[in-house]
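Commentary on secondary and tertiary structure
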Amino acid sequence: MSDPRDREIAELRETLAFERRRLERELDFARRIQLNLMPAAAPQPVGWEIATAYRAARVVGGDFYDAFELPGPGERVGLIIADVTGKGLTAALMMAFTRAVHRAAAYNGSGPADWLERTNRVLVRDARTGLFVTAIAAELEASRRVLTYASAGHEPAIFLRSDTGVVEELPAGGTLLGLIKPALASDREVHFEPGDLTVLYTDGVTDAIDANGNRFGPDRLIAAVGLARERSAADAVVGILGAVDRFAGSAEPADDLTLVAVRRLP
């Protein structure tokens, strides 16, 4: 006669296995939803290239990017790259909410700083999650060859000047979204000459670690961007990902990783 405790243990194991499979299915579905919230392909204005990459540290993540055509005259593209504090499903839900709010703000706002301020007002008032968001929002005006951007406590964008090969960080600043009102973001402009490239990224790039716990850091990122001179935006993204992968080796990713590269064609 079997021991009742053995039956109980077997039933418990079966229940746990069932719940694990259910959770895995739900997480996989959440991942597919999250990926579908990001553009399948970024707009490509005449004379420009836009390339992107996204990797979640877990099944779902808190990073996101968006690239979309803006209403009104001329070829204008709205961009955002953002990082929700925290990881996993909670950060992913906050990411989805923020993405929707920002897209609506961009369609109705008057520039990147205004988009961030509108988004911030909603997050402070309605989110109430204890999570915050760093972001860079930008508007590419293809005909003017200008990128107007504003930062909300995010890592500074990297800019490569094609004629000289000089790579520099663009001024950033601002306060995190969802923290206080107002967001204190301000618009800045950067003018593109033929071949110039800018890279927006989340801290999953610079915070990547190797087996010894060393950070990839901004200096290695700047060096990787420098190697992209006279290369396409897509090649720049691939080059940065390759540099991070070679540095990290077999180490587990420390955070979600997202890249957006914008290049004016020669």
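Looking at the pairing of strand β9 (residues 197-201)
In terms of burial, β9 is largely enclosed, as five of its five residues are buried. Here β9 shows two buried faces, one formed by L197, V199 and Y201 and the other by T198 and L200. Here three bridges tie strand β6 (residues 158-160) to β9, and the two strands are oriented antiparallel to one another. Residue pairing across strands places F159 opposite T198, the latter belonging to β9. Pairing between β9 and strand β10 (residues 257-264): five bridges, direction antiparallel. Residue pairing for β10: V199 is matched across the bridge by A261.

Quick word on the environment of L241
Structurally, L241 can be placed in helix α6 (residues 233-248). Its relative accessible area of 15% is what places L241 among the buried residues. Expressed as a C-alpha distance, the spacing of L241 and G62, which sit 179 residues apart in the sequence, is 19 Å.

As for the packing of aromatic side chains
One pass over the full model with this rule turns up four aromatic pairs. Cluster of aromatic residues (ring-pair linked, three or more members): W48, F159 and F192.

Comments concerning a nonpolar patch on the surface
Taken together, the side chains of L179, I180 and L184 present a nonpolar region at the surface, about 270 Å² in accessible area. Summarising the element assignment, L179 is placed in the loop between β7 (167-169) and β8 (188-191).

Topic: the packing of helix α2 (residues 88-108) against helix α3 (residues 112-127)
Helix packing geometry: the angle between the two helix axes and the distance between the axes. Closest axis-to-axis distance for the α2/α3 pair is 8 Å, and the angle between their directions is 140 degrees. Here α2 is positioned oblique relative to α3, judged by the angle of their axes. Crossing angle aside, the handedness with which α2 passes α3 is right-handed. Where α2 approaches α3, its residues M94, F97, T98, V101, H102, A105, A106 and N108 are matched on the opposing element by W115, L116, R118, T119, V122, L123, D126 and A127. Grouping the constituent residues of the contact of α2 with α3 by class yields ten nonpolar, four polar and two charged.

Quick look at α2
With 21 residues, α2 extends 31 Å from end C-alpha to end C-alpha; this agrees with the ideal 30 Å at 1.5 Å per step. Those residues of α2 lying buried are G88, A91, A92, M94, M95, T98, R99, V101, H102, R103, A105 and A106.

Cut-offs applied
- Residues numbered from 1 in each chain as written.
- Predicted model: local features only at pLDDT ≥ 70, side-chain atom pairs only at ≥ 80, totals over all residues.
- Heavy atoms only, no water.
- Buried < 20%, exposed > 50% of the residue type's maximum accessible area, 1.4 Å probe, protein only.
- Helix = DSSP H or I, 4+ residues; strand = E, 2+ residues; numbered from the N terminus.
- Pairing = 2+ DSSP bridges.
- Phe/Tyr/Trp six-rings, centres within 6.5 Å; stacked < 30°, edge-to-face > 60°.
- Patch = residues over 30% accessible without salt bridge, like charges linked within 9 Å, V, L, I, M, F, W, Y side chains within 5 Å.
- Areas by Shrake-Rupley, 256 points an atom, 1.4 Å probe, with all protein chains shown as cover.
- Salt bridge = Lys/Arg side-chain N within 4 Å of Asp/Glu carboxyl O.
- Axes fitted to C-alpha atoms, helices over the stretch in contact; angles between N-to-C directions.
- Parallel < 35°, antiparallel > 145°, perpendicular 65-115°, else oblique.
- Left-handed = near helix turned anticlockwise from the far one by under 90°.
- Contact = heavy atoms within 4.5 Å.
- Nonpolar A, V, L, I, M, F, W, Y, C, P; charged D, E, K, R; others polar.
- Expected span 1.5 Å × (residues − 1).

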